[in-house]
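# Observations on chain architecture
Read off the chains here:
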Amino acid sequence: ITGKGFIMKFNVYLFLVILILVLFTIGCAKNKKNEFMSKEPNTTQVMQTTYDPSDKIKSYMLEIYDIDSKLIKTQYYTSDKQLIRYSEMEYDKAGVLKGQKDFNKKGQLQTDSQYEFDDKGRILWNHFYNDNHELQYSIYYLYDVKGNLKEHKTVYPVLILQGVS
């Protein structure tokens with residue numbers, strides 16, 4: 001390559017590198033402006049994007065993990081980045097998942113799920129409560145002798161009617 005050809009190729013590469021840096025900077029600036037990309041302190045965030053069959057963005061899901069890698073919040077967004085709903089997870093002092101609360105986009109509680117585990121750490125019960133903390137139903141999990149999930153059953157509360165003959 002002659003001196004003139006080298007300089008021309010170098011200028012093209014330099015231009016491409018500068019273009020990539022500019023586009024990257026613009027992309028980062030846009031992400032910082034989006035509320036759903038705002039970083040909570042001491043967390044790790046994982047964004048999942050769902051596409052429809054025509055490769056158009058259908059929705060987003062943002063998972064937020066604490067410093068101990070426990071999932072603490074999940075946020076769901078439309079394709080135009082509007083919050084649909086979110087969930088917050090609760091853990092006990094030992095780090096065992098106790099429950100999950102689901103909220104609508106206005107922050108109003110929709111469901112409250114509470115978990116019970118056996119001494120081997122397997123889920124036994126998942127209780128679902130409404131926004132008034134009234135039990136709606138529970139799921140009971142059954143395991144085989146090897147500890148594999150065998151089945152689960154949905155159990156509804158018994159309605160007791162007094163004074164009915």
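Everything here concerns the structure above.
Read on for a plain summary of the structure. The written sequence of each chain sets the order in which its residues are numbered from 1. For this predicted model, a pLDDT threshold of at least 70 governs which residues receive local features, and a threshold of 80 or more governs which side-chain atom pairs are given and counted, while totals over whole chains, interfaces and linings are taken from all residues. The side-chain quantities take in all heavy atoms of the structure and omit both hydrogens and water.

Turning next to the sheet that holds strand S5 (residues 97-104). Two strands make a pair as long as DSSP finds a minimum of two bridges between them. Under the scheme used here, helices are H or I runs from DSSP no shorter than 4 residues and strands are E runs no shorter than 2 residues, and both carry numbers assigned from the N terminus. Read from one edge to the other, the open sheet built from nine strands follows the order S1-S2-S3-S4-S5-S6-S7-S8-S9, with strand pairing classed as antiparallel. Each edge of the open sheet carries a strand with a single partner, namely strand S1 (44-51) and strand S9 (149-155). Going across the sheet, the axis of each strand differs from the next one's by a mean of 15°, ignoring polarity. Two elements, S1 and strand S2 (residues 57-65), share eight bridges in a ladder whose sense is antiparallel. Looking at the pairing, Tyr51 lines up with Ile57 of S2. Lines fitted to C-alpha atoms define the axes, with helix axes restricted to the stretch in contact, and inter-axis angles between N-to-C directions lie between 0 and 180 degrees.

On to the pairing of strand S3 (residues 71-78), then. In this sheet, S3 lies alongside S2 in antiparallel orientation, the contact comprising seven bridges. By the bridge assignment, Ser59 is partnered in S3 with Thr78. Between S2 and the antiparallel strand that follows it, S3, lie five residues; Ser69 among them carries a positive phi value of about 65°. The turn linking S3 back onto strand S4 (residues 83-91) is made up of four residues, and Lys81 within it adopts a positive phi angle of 65°.

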